[in-house]
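Per-entry structural report
Take a look at the letters that make up each chain.
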Amino acid sequence: MASNMFVVPQTRGTVLCCKCGISMAPNPANMCVTCLRSEVDITEGLRKHVTIMHCPECDSYLQPPRTWIKAQLESKELLTFCVKRLETDLKKVRLVNAEFIWTEPHSKRLKVKLKVQKEVLNGAILEQSYVVEYVQQDHMCESCTRIQANPDQWVASVQIRQRVTHRRTFFYLEQLILKHDAAVHAIKIKQMDQGIDLFFANRSHAVKFVEFLGKVAPTRSRHDKQLVSHDSKSNNYNYKYTFSVEISPICREDLICLPPKVAASLGNLGPLVICTKVTNNITLLDPLTLRQCFLDTEQYWRHSFKSLLGSRQLVEYDIFNIEVVSPEYNLGGSKYVIADAEVARVSDYGKLFYIRTHLGHLLKPGDRALGYDLYGANSNNIELDKYKGLVLPEAILIKKSYEEKRQKKRGKPRPWKLKSLEMEVDEFRGRGNEQKVESDYEEFLRDLEENPELRFNLSLYRNREYQLSEMVSVSDGDDAPSVPLEELLADLELSEQEDGEDGMRE
Amino acid sequence: MATRFQFENSCEVGVFSKLTNAYCLVAIGGSENFYSAFESELADVIPVVKTSIAGTRIIGRLCAGNKNGLLVPHNTTDQELQHLRNSLPDQVVVQRIEEKLSALGNCIACNDHVALTHTDLDKETEEIIADVLGVEVFRQTIAGNILVGSYCALSNRGGLVHPHTSIEDLDELSTLLQVPLVAGTINRGSEVIAAGMTVNDWTAFCGSDTTATELSVIESVFKLREAQPTAIVEEMRKSLIDSYV
């Protein structure tokens, strides 16, 4: 019934504005907008001039009491910051819109136009926009001051050392650090003789980094502190903290002779073992029996031992004959097959060896392999002497060699590349070691190509300079292993990379 | 013409006074300024009476009247009633009404011929109004408000109503009242017309906040510019003298 009721259409009449007399639609204040604006100023009592602190070094603005917010001119963050500075004022009115008015950057003034609404005079809501001027005062933020005062000022340092002759571990560690952003807070990173030094502004950052290391490598650490200054009135003590981290000298592909105690505790693992993987556990594989064992960090450091032969001592062998002896075993994801092989060193074809190897699944007659030459090696190892009556195999093969195939590709850039940390190189290190370092790095890159599980934890980037066409022409079935393109991350632009570097240093 | 003034620093002069063609009621204020403002305009024409109703000063909103009579609420004291009867001219009938809505000034807007009332007024009251005031009574609302007495000021020549009154409403009221009506404001945009001013056929009194625009609207709708008190009162005097021996 209600819908059938006749409702008189109501048209609003016009009244005269009580001040200026122009005809207008009636509103709660019964004044035209201009008269109302002239009458009531809702921006009365709101601040129109504000001072803000700006740090010219790092382009950030102070939010009292202590936070510095980094923001570009005329950016969203800066607008949010400016509006936040007016928070107390804006509680009285309702903010509808805020935007920047362009000012000359050198004028040190920022202008923001704010549109606000407020209720006035019996219910009429008035909207008005006004301009707030921010005067930018230059004031260096604390971190910049500290850096300026003494650029080498650090509070905590972490010294990582590994007593081996190569730097492969540190290349790998560098990539891990980059992937996990563990060195974000480091002020400075220095490359030392057998390790890396990192400097932090805060003890907790250093502790966090040491813990990170403990998770990715078998380490042993100790820490010390040195008193720098002491305020007797407030009993504040300033220290410099140093953390010394030692990584175990056992690396992948090392040949190790286990001390009798350790061998016994691992169930009489044949004293000669190969290390296959190093994370915070060390994986040991006996090549003759295909038994695998894990040593975790604590266990290792309880009876620490060194390796017998390292990757520098690898020698190339030519395979003449392979006879598979055992079925395929799957040990923790990798397959091994025991085989008897007839091999000879590439440098000396005169002497043939008949050895047992665990690489039966990879090798075919005519292949080349890298292994340790125990026949020709003169080992000076205490542990080895402890085993009386131990018969050493003449050679132990470690991995297949792709040297010939790599010859074809020599000089051509790889389709992928790695980022690197910014490190200071100590001067005295540079002499004569350049060659070694470069060949080490090349080895490391080859390692990455051959081992997908190594790549697992790292980020590889596409190399823009690499031309795809060349890849197509060289495609035999038996190609040297390379990184499939799907695994590569699209590379970052150069400018972004620079930003990334900045982010790493505080 | 219209004059602007204040009652004890308040611009709501319609609350503290009641003006008709035959008499004027004024509240008792702290200073004599209010009374003398009325007196200077009206003294030799109609009686200006100081009074209170129900012990209060808001007499303009409590009573309703025209030249024929005056209606006061039930809580008026006997002394006040007697005082009013004594002071006002004899042909003005003063009547006390028993009505639940006691603010008669807010509920009834009237001139000498027609009255608008609150929609919820009693039937008896309506009859009394028609009887005492000698008017035709219409129950109406103004711009959706039932307090017709507050939102409109009426005289025999025109009327001013609430600014939000629609055009259709204005037409309807105008035909009922048979006078030109205009929607406007008083006292710098206030919508409560009758509280801010009081008017009769030749003069109007407004709150001091009234702007020039509003004042010109009032003068034009109530036709105050050419009005002379003598012309109107002469008619009344004739009837007065008639009853004089």
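Rules used throughout
Residues numbered from 1 in each chain as written. Chains lettered and ligands numbered in written order. Predicted model: local features only at pLDDT ≥ 70, side-chain atom pairs only at ≥ 80, totals over all residues. Heavy atoms only, no water. UniProt positions renumbered as here; feature names shortened; annotations may be inferred. Helix = DSSP H or I, 4+ residues; strand = E, 2+ residues; numbered from the N terminus. Buried < 20%, exposed > 50% of the residue type's maximum accessible area, 1.4 Å probe, protein only. Areas by Shrake-Rupley, 256 points an atom, 1.4 Å probe, with all protein chains shown as cover. Contact = heavy atoms within 4.5 Å. Pairing = 2+ DSSP bridges. Buried area = accessible area lost by both parts, 1.4 Å probe. Salt bridge = Lys/Arg side-chain N within 4 Å of Asp/Glu carboxyl O. Polar contact = N/O pair within 3.5 Å; in protein donor to acceptor, adjacent residues only side chain to side chain. Nonpolar A, V, L, I, M, F, W, Y, C, P; charged D, E, K, R; others polar. Axes fitted to C-alpha atoms, helices over the stretch in contact; angles between N-to-C directions.

Labelled according to an unreviewed UniProt entry, chain B appears under the name Eukaryotic translation initiation factor 6, originating from Hibiscus syriacus. In its Sequence similarities (unreviewed entry) section, the UniProt entry covering chain B states "Belongs to the eIF-6 family." In UniProt, chain B has this text filed under Function (unreviewed entry): "Binds to the 60S ribosomal subunit and prevents its association with the 40S ribosomal subunit to form the 80S initiation complex in the cytoplasm. May also be involved in ribosome biogenesis."

As annotated in an unreviewed UniProt entry, chain A is 60S ribosomal export protein NMD3 from Hibiscus syriacus. Listed under Function (unreviewed entry) in UniProt, the entry text for chain A is "Acts as an adapter for the XPO1/CRM1-mediated export of the 60S ribosomal subunit."

Before going further, it helps to examine the overall build of chain B. Tallying secondary structure elements over chain B gives eleven helices and 15 strands in all. Residues classed as buried in chain B amount to 55% of the 245 residues present. For chain B, the exposed surface amounts to about 10100 Å²; the carbon and sulfur share of it is 49%.

In terms of helices and strands, chain A carries 13 helices and 27 strands. Looking at chain A as a whole, 42% of its 506 residues qualify as buried. Contacts in chain A between residues far apart in sequence, at least 24 positions, make up 64% of those at least 6 positions apart. Surface accessibility of chain A: about 28700 Å² in total, with carbon and sulfur atoms responsible for 50%.

Let us now look at the pairing of strand β5 (residues 67-70) of chain A. Residue and element names in this part refer to chain A. Where strand β4 (residues 60-63) meets β5, four bridges bridge the pair, whose relative direction is antiparallel. Its bridge partner being in β5, Leu62 is matched across the sheet by Trp68. Linking β4 to β5, which pair antiparallel, is a turn of three residues.

Attention now goes to the interface of chain A and chain B. Listed by partner, the interface residues are 19 residues for chain A and 17 residues for chain B. Three residues stand out in chain A for area buried against chain B, namely A:Thr11, A:Cys18 and A:Asn30, and they jointly supply 34% of the buried area on that side. Here chain A is connected to chain B by zero salt bridges. Connecting chain A to chain B are three residue pairs in polar contact (both at pLDDT 80 or more). Residues that form the side of chain A that touches chain B fall into these classes: ten nonpolar, six polar and three charged.

On to the sheet that holds strand β9 (residues 114-117) of chain B. Residue and element names in this part refer to chain B. Pairing within the open sheet is mixed, and its three strands lie in the order β8-β9-β10. Across the chains shown, the open sheet's two edge strands, defined by having one partner strand only, are β8 (108-110) and β10 (136-139). If you compare each strand with its neighbour and ignore which way they point, the axes differ by 20 degrees on average. Of the strand pairs in this sheet, β9 and β10 are connected by four bridges, and their pairing is parallel. Among the inter-strand pairings, Ala115 is bridged to a residue of β10, identified as Val137. Across the sheet, helix α6 (residues 123-133) is in contact with β8, β9 and β10; its angle to β10 comes to roughly 145 degrees.

All names here are of chain A. In this fold, Gln128 is placed in strand β8 (residues 124-138). In this structure the side chain of Gln128 is engaged in a polar contact, spanning 3.5 Å, whose partner is the backbone nitrogen of Ile42. With sequence-adjacent residues up to four places away left out, Gln128 is seen in contact with Arg37, Val40, Asp41, Ile42, Thr43, Leu114, Lys115 and Val116.

Moving on: the sheet that holds strand β13 (residues 181-183) of chain B. Residues and elements named next belong to chain B. The strand order β11-β12-β13 describes an open sheet built from three strands, whose pairing is mixed. Edge strands, defined here as strands with exactly one partner in the open sheet, are β11 (152-154) and β13. Strand-to-strand, the axes of this sheet are offset by a mean angle of 15 degrees, without reference to chain direction. Judged from the three bridges that link them, β11 and strand β12 (residues 159-161) form a sheet pairing that is antiparallel. Following the sheet pairing, Ala153 is matched in β12 by Leu160. Helix α8 (residues 167-177) rests against β11, β12 and β13 of the sheet, and its axis sits at about 150 degrees to β13.

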